[in-house]
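A structural walkthrough
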Amino acid sequence: MYDDDDRVEPELYQMPERRPQMPAPEQQPITPPVTEADLDTPVEPYLSIDTPLDSHDDYLADPLNVDNLNTDLSHVEATLNDTEMFAGEQAGQAGQGGQGGQSLAAPQRELPVDELVDCIIPIALEVAVRGEKLLPGVQNLRHVGNKTVNFVGRTTEGEWEPIGHGSSYNALLAGVQLANRNNGLNELEYSELIVRLREFTDAIGAEPEIPDMIDVMKTAQALHQFVMDHDVQLGVNVRSNGAPWNVTTLLAALTRQGFDRRTDGHLVMQDGEGEVLFSMSTNVTGAAETTDRLTLLLDVPRVGPARDGYGAMIACARSLAMRLGGTVVDDSDQLLSDAALSDIAEQVGAFYSAMESAEIPAGSKRAMRLFS
């Protein structure tokens, strides 16, 4: 079996020292028009605002639905642990080379095929084949439908690696992704894969060991159910307390403050490693001149807990509220107090624990593939 992905999550940018909270004014002052100079003035991004507490009666008790995250993936695990998935490998012989020393045992290092994310198809070669001969067929079979297909090969030295120039391979593994956010691998996609895979293997004198379609479909459906159950995108809003903000001025200033504007019009905040922490929308079309609401969105399963995407997003929302004269609210326009935000932070932590228990940690390569 493969080693689990030991990706080290990049650290969040250096957090400034927190300062004491200032008492809230008794009356809300009239908000002057926002200028670029206002947003360019250095402000501690992690300074908290002092908002009045409320009863939270309007908030969902469990917005992340943490209590229902224990999706049963036993069928997936049973299928993936089936030693017959690998030609020549006998139960209890993993890591020992099998009988005759030529079993197609699972690779032992990080590779583009994954026993949990992919349906793995062993391919036995009659003789060793050079990577240069394999690459045209491999590159021609990268997708079926919206599912990715990857290949790895076992070199004549016994090491598994992605197919490349300069090496000879005596065994191959093909892996087709079982599920993503759109759907699970379906019968049409799997049938297309088998037809095209046989064309490739016939051309190189190889024989694929095709898993039963019914079993593959069950595994794909179970994994897609897991994806749907854990597909959480958490948002907060900053609502103007006064006049709407000028979009052109706002976008220019936000870009200088570290947001990256994408072609779809969304702004994203990245960490020091260039990975997206959260995104922002102005909630208006390109032709609009003003907006009275900004929405910040965290794609929870794609941002690992070590990067504290939730903390960074809330800190940004609070900072924007202070600078722009706004209030942090939920999608129902209800005030999000410090206590409510702390409650949600605890639920985010429970969500991360649930994904970790399922061996699909948030922000890992497995999660990035599934939640795409």
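Here the structure is a predicted model, which means the values were calculated and not measured.

Each value, and the rule that gives it
- Residues numbered from 1 in each chain as written.
- Predicted model: local features only at pLDDT ≥ 70, side-chain atom pairs only at ≥ 80, totals over all residues.
- Heavy atoms only, no water.
- Phe/Tyr/Trp six-rings, centres within 6.5 Å; stacked < 30°, edge-to-face > 60°.
- Helix = DSSP H or I, 4+ residues; strand = E, 2+ residues; numbered from the N terminus.
- Buried < 20%, exposed > 50% of the residue type's maximum accessible area, 1.4 Å probe, protein only.
- pLDDT = per-residue confidence, 0-100.
- Contact = heavy atoms within 4.5 Å.
- Pairing = 2+ DSSP bridges.
- Axes fitted to C-alpha atoms, helices over the stretch in contact; angles between N-to-C directions.

1. A look at the packing of aromatic side chains
Inspection of every chain in the model, using the stated rule, returns 3 aromatic pairs. The interplanar angle of 70° and the centroid separation of 5.6 Å between the aromatic rings of Phe151 and Phe200 together place this pair among those described as edge-to-face. With a gap of 49 residues between them, Phe151 in strand E3 (residues 147–155) and Phe200 in helix H4 (residues 187–204) connect regions that are remote in the sequence. Here Phe151 and Phe200 have matching classes, each one buried. Residues Phe259 and Phe278 carry aromatic rings whose centres are separated by 6.1 Å and whose planes lie at 75° to one another, so their mutual orientation is edge-to-face. In this pair, Phe259 sits in strand E9 (residues 259–261) while Phe278 sits in strand E11 (residues 276–281), placing the two residues 19 residues apart along the sequence. Phe278 shares its class with Phe259; the two are buried.

2. Digging into the confidence of the model for the protein
Looking at the protein as a whole, its pLDDT mean stands at 80, while 71% of the residues score no less than 70. Here helix H2 (residues 74–80) is the element of the protein with the lowest mean pLDDT, 42, and strand E2 (residues 143–144) is the one with the highest, 98. The low-confidence segment residues 1–32, where pLDDT is below 50, has 68 contacts with residues more than four positions distant or belonging to other chains. Low pLDDT (under 50) marks residues 42–61, which in the prediction has 58 contacts with non-local residues, meaning those over four places away or in another chain.

3. Quick word on the sheet that holds strand E10 (residues 267–270)
The 6 strands are arranged E9-E10-E11-E13-E7-E14 in an open sheet whose pairing can be described as antiparallel. The open sheet has two edge strands, E9 and strand E14 (326–329), and neither has a second partner. Direction aside, neighbouring strands of the sheet carry axes that sit 25° apart on average. Bridge count between E10 and E11: 4 bridges; the pairing is antiparallel. Looking across to E11, one finds that Leu267 is bridged to Met280. The strands touched by helix H7 (residues 309–324) are strand E7 (233–240), E9, E11, strand E13 (293–299) and E14; relative to E13, the strand with the most contacts, the crossing angle is about 170°.

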